[in-house]
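# Fold and contact review
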Amino acid sequence: MDVKLLYVSRTGFTKQYADYIADKLKLQAIEYKKGSGLNKNDNIIFCSSVFGGNITELTDIRNEVDQRKIRVLACGIVPPSSEVINQLAKENHIDAEQIYYVPGGLDYSKLNFLKKSILKMVKSSLEKKVVRSADEEETLRRLNVGGSFVDFSYCDALIKDYLNER
Ligand SMILES: Cc1cc2nc3c(=O)[nH]c(=O)nc-3n(C[C@H](O)[C@H](O)[C@H](O)COP(=O)(O)O)c2cc1C
C-alpha cells in the first residue's frame, strides 16, 4: 500500500516519531503544509502534536484527504491511555481506531510567553485539585520538570499495522 508520512511539529518531539517511523517503514517523513497537492485517496500517516486537546492541523488535512484514509499519530504530554485516545477522538471528530497516541515532551526554551502562560494555568489547575489521578500526577510532574518523554515503543502498534497491511 502506498502511504504518505506527514508531520507537524513545533518543538521537534513529533518529528522524532515521524523520523523513527520513516526509518522503520522505509518512507520519507515530509512536513505537512496545507495545500501542497495531496490527493483525496492518498493513504496518510499524520503525525501531529496536541495543543489544548486539539490535534494540530487535522482539520486542514481532512479537507484535502478522505478522513477514512488518515491514521493519526498524536503526540502530547499526558501519559498514554485509552481514555486519552477516546477524548482526542471525541474532541477532534475522528474514530478512536484511527488514533495512536505517543508521549512527547516540553522544551520550555522553545515556547513563547503565551504558551508558557497556558501551561502555567494548566499546572496550577492540576495543583489545586484535592485528589489527582496517577496520570494527572504524572502530567503535573512532567509540566514541572519539562524535557523529553519520547518512547518509540509507543508507535510500534502503528508500524505493525502498516506492515501487516502492505
Ligand atoms: C500551549 C500548549 C498546550 C498543550 N496542550 C496539550 C494538551 O492539551 N494535551 C497534551 O497531551 N499535551 C499538550 N501540550 C504538550 C504538547 O503536545 C507537547 O509539548 C508535544 O510534545 C509538542 O510536540 P512538538 O514538539 O512536535 O510540537 C501542550 C503544549 C503547549 C505548549
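Cut-offs used in this document
- Residues numbered from 1 in each chain as written.
- Predicted model: local features only at pLDDT ≥ 70, side-chain atom pairs only at ≥ 80, totals over all residues.
- Heavy atoms only, no water.
- 1 Å grid on protein atoms, 1.4 Å probe; cavity = no way out; pocket = protein on both sides within 12 Å on 5 of 7 lines; lining within 4 Å.
- Points joined across faces, edges and corners; volume = space filled by probe spheres on them.
- Helix = DSSP H or I, 4+ residues; strand = E, 2+ residues; numbered from the N terminus.
- Nonpolar A, V, L, I, M, F, W, Y, C, P; charged D, E, K, R; others polar.
- Near = heavy atom within 4 Å.
- Polar contact = N/O pair within 3.5 Å; in protein donor to acceptor, adjacent residues only side chain to side chain.
- Areas by Shrake-Rupley, 256 points an atom, 1.4 Å probe, with all protein chains shown as cover.
- Sits in = over half its atoms within 2 Å of the grid points.
- Expected span 1.5 Å × (residues − 1).
- Buried < 20%, exposed > 50% of the residue type's maximum accessible area, 1.4 Å probe, protein only.
- Core = buried A, V, L, I, M, F, W, Y, C linked by side-chain atoms within 4.5 Å.
- Contact = heavy atoms within 4.5 Å.
- Arc of directions from axis to C-beta.
- UniProt positions renumbered as here; feature names shortened; annotations may be inferred.

One number sums up the size of the largest pocket: a volume of about 940 Å³. For the lining of the largest pocket, the secondary structure elements donating two or more residues are helix 1 (13-25), strand 3 (43-51), strand 5 (70-76), helix 3 (82-92), strand 7 (105-106), helix 4 (113-128) and helix 5 (134-145). With six residues, helix 4 is the largest single contributor of residues to the lining of the largest pocket. Looking at the lining of the largest pocket, its residues break down into 16 nonpolar, 15 polar and seven charged.

Before going further, it helps to examine the site of the ligand. Around the ligand sit 23 residues in total, of which Ser9, Thr11, Thr14, Val50 and Gly105 are the nearest. One of the side-chain nitrogen or oxygen atoms of Ser9 is found 2.5 Å away from an oxygen atom of the ligand. Note that an oxygen atom of the ligand is positioned 2.8 Å from one of the backbone N or O atoms of Gly53. Across the complex, the protein chains shield 91% of the 640 Å² of accessible surface that the ligand would expose by itself. Under a 2 Å grid-point criterion requiring more than half of the atoms, the pocket assigned to the ligand is the largest pocket. Those elements giving two or more residues to the shell around the ligand turn out to be helix 1, strand 3, strand 5, strand 7 and helix 4. Looking at side-chain class alone, the shell around the ligand contains 11 nonpolar, 10 polar and two charged residues.

Helix length check: helix 1 (13 residues) gives 19 Å between terminal C-alpha atoms against 18 Å at 1.5 Å per residue, within 8%. All of the buried residues along helix 1 are Phe13, Thr14, Tyr17, Ala18, Ile21, Ala22 and Leu25. Backbone geometry just after helix 1 places Lys26 at a positive phi near 55°.

Let us look at the nonpolar core. By size, the foremost hydrophobic cluster in this structure holds 20 residues, and its most contacted members are Ile44, Phe46, Ile61 and Ile99. Those elements that provide at least two residues to this core are strand 3, helix 2 (58-64), strand 5, helix 3 and strand 6 (99-103). Counting residues per element, this core draws most heavily on helix 3, which supplies four residues. Setting aside chain neighbours within four positions, we find Ile61 in contact with Leu6, Tyr32, Leu38, Ile44, Phe46 and Ile70. Core analysis: the second largest hydrophobic core is formed by 19 residues, Leu5, Val102, Cys155 and Leu158 among them.

Here we come to helix 6 (residues 156-165). Listed as buried for helix 6 are Leu158, Ile159 and Tyr162. Buried residues of helix 6, viewed axially, fall in a sector of 100°; they line one side. Set apart from the buried face of helix 6 by more than 90 degrees, the exposed residues are Lys160 and Asn164.

Take the UniProt feature "domain: Flavodoxin" (unreviewed entry) in the chain next. Residues annotated in UniProt with the feature "domain: Flavodoxin" (unreviewed entry) correspond here to residues 5-129. Helix makes up 38% of residues 5-129 and strand makes up 25%, while its end C-alpha atoms are separated by 39 Å.

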